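Summary of structural features
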Amino acid sequence: MTTVAEILVFVLGMHLSLRTVAACYRIIDLWYTIRTEYPRVIRDILRWVAVTGALIMVLPDDLQRSLLWGAGSFVVLYLSLYVMRYPLLALRR
């Protein structure tokens, strides 16, 4: 059962990281009206960071590691897409 819990928490960490990155992209998406929307943008970013932080504080040590590995893995995957983008586009030509 522990392995299943670790896998689920790993996936949860990836999801929370994805939601945090998506909330950060709202700055770009709403730039045309950022003067009126910045409280919502900041609130959404802080909400996802707070949920992740609360889970880190509540979970036992082995599940904390799984959550952090999931969040970190998503960030590495996400950033690697930028590195691979230009070589893959060059292959298409």
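As for the overall build of the chain
- Check the secondary structure of the chain and you find three helices and zero strands.
- Each helix (α) and strand (β) of the chain, taken in turn from the N terminus, gives the series α-α-α.
- Relative to its length of 93 residues, the chain is extended, with a C-alpha radius of gyration of 16 Å against a globular reference of 12 Å.
- In terms of overall dimensions, the chain has C-alpha extents of about 45 × 45 × 15 Å along its principal axes.
- Accessible surface computed for the chain: about 7000 Å², of which carbon and sulfur atoms make up 72%.

Details of the side chain of Thr 52
- Inspection of the secondary structure assignment puts Thr 52 in helix H2 (residues 34–58).
- Given the relative accessible area of 16%, Thr 52 is considered buried.
- When neighbours within four sequence positions are excluded, Thr 52 is seen to be in contact with Leu 16 and Leu 67.

Looking at helix H1 (residues 2–29)
- Its 28 residues place the ends of H1 40 Å apart at the C-alpha level, agreeing with the 40 Å of an ideal helix rising 1.5 Å per residue.
- Here H1 has its buried residues at Val 9, Gly 13, Leu 16, Ser 17, Thr 20, Ala 23 and Arg 26.

Thoughts on H2
- Spanning 25 residues, H2 covers 34 Å between terminal C-alpha atoms, matching the ideal 36 Å at 1.5 Å per step.
- The set of residues buried in H2 consists of Ile 34, Glu 37, Val 41, Asp 44, Ile 45 and Thr 52.

Some remarks on the pattern of salt bridges
- If you walk through the whole model with that rule in mind, you get three salt bridges.
- A single salt-bridge network, built from bridges that share partners, covers Arg 26, Asp 44 and Arg 47.

Digging into the packing of H1 against helix H3 (residues 61–92)
- It is the contact of H1 with H3, at a shortest axis distance of 7 Å, that shows an interaxial angle of 45°. Comparing the axis directions of H1 and H3 gives the class oblique. Helix-helix and strand crossings are classified by hand; for H1 and H3 the assignment is right-handed.
- A class-by-class count of the residues in the contact of H1 with H3 yields 17 nonpolar, six polar and two charged.

As for the packing of aromatic side chains
- This structure, assessed with the given rule, holds three aromatic pairs.
- Seen in terms of ring centroids, Phe 74 and Tyr 78 are 5.8 Å apart; in terms of plane orientation they differ by 25°. Their pairing is stacked. Residue Phe 74 and its partner Tyr 78 are both found in helix H3; the two are separated by four residues, about one turn of the helix.
- On the basis of relative accessibility, which here comes to 11%, the residue Phe 74 falls in the buried class.
- Geometrically, the ring pair formed by Tyr 78 and Tyr 82 is edge-to-face, given 5.7 Å between the ring centres and 85° between the ring planes. Of the two residues, Tyr 78 and Tyr 82 are both situated in helix H3; the distance of four residues between them amounts to about one turn of the helix.
- Aromatic rings pair up to connect Tyr 25, Phe 74, Tyr 78 and Tyr 82 into one cluster.

Cut-offs and rules
- Residues numbered from 1 in each chain as written.
- Predicted model: local features only at pLDDT ≥ 70, side-chain atom pairs only at ≥ 80, totals over all residues.
- Heavy atoms only, no water.
- Helix = DSSP H or I, 4+ residues; strand = E, 2+ residues; numbered from the N terminus.
- Rg over C-alpha atoms; globule rule 2.2 N^0.38 Å.
- Areas by Shrake-Rupley, 256 points an atom, 1.4 Å probe, with all protein chains shown as cover.
- Buried < 20%, exposed > 50% of the residue type's maximum accessible area, 1.4 Å probe, protein only.
- Contact = heavy atoms within 4.5 Å.
- Expected span 1.5 Å × (residues − 1).
- Salt bridge = Lys/Arg side-chain N within 4 Å of Asp/Glu carboxyl O.
- Axes fitted to C-alpha atoms, helices over the stretch in contact; angles between N-to-C directions.
- Parallel < 35°, antiparallel > 145°, perpendicular 65-115°, else oblique.
- Left-handed = near helix turned anticlockwise from the far one by under 90°.
- Nonpolar A, V, L, I, M, F, W, Y, C, P; charged D, E, K, R; others polar.
- Phe/Tyr/Trp six-rings, centres within 6.5 Å; stacked < 30°, edge-to-face > 60°.

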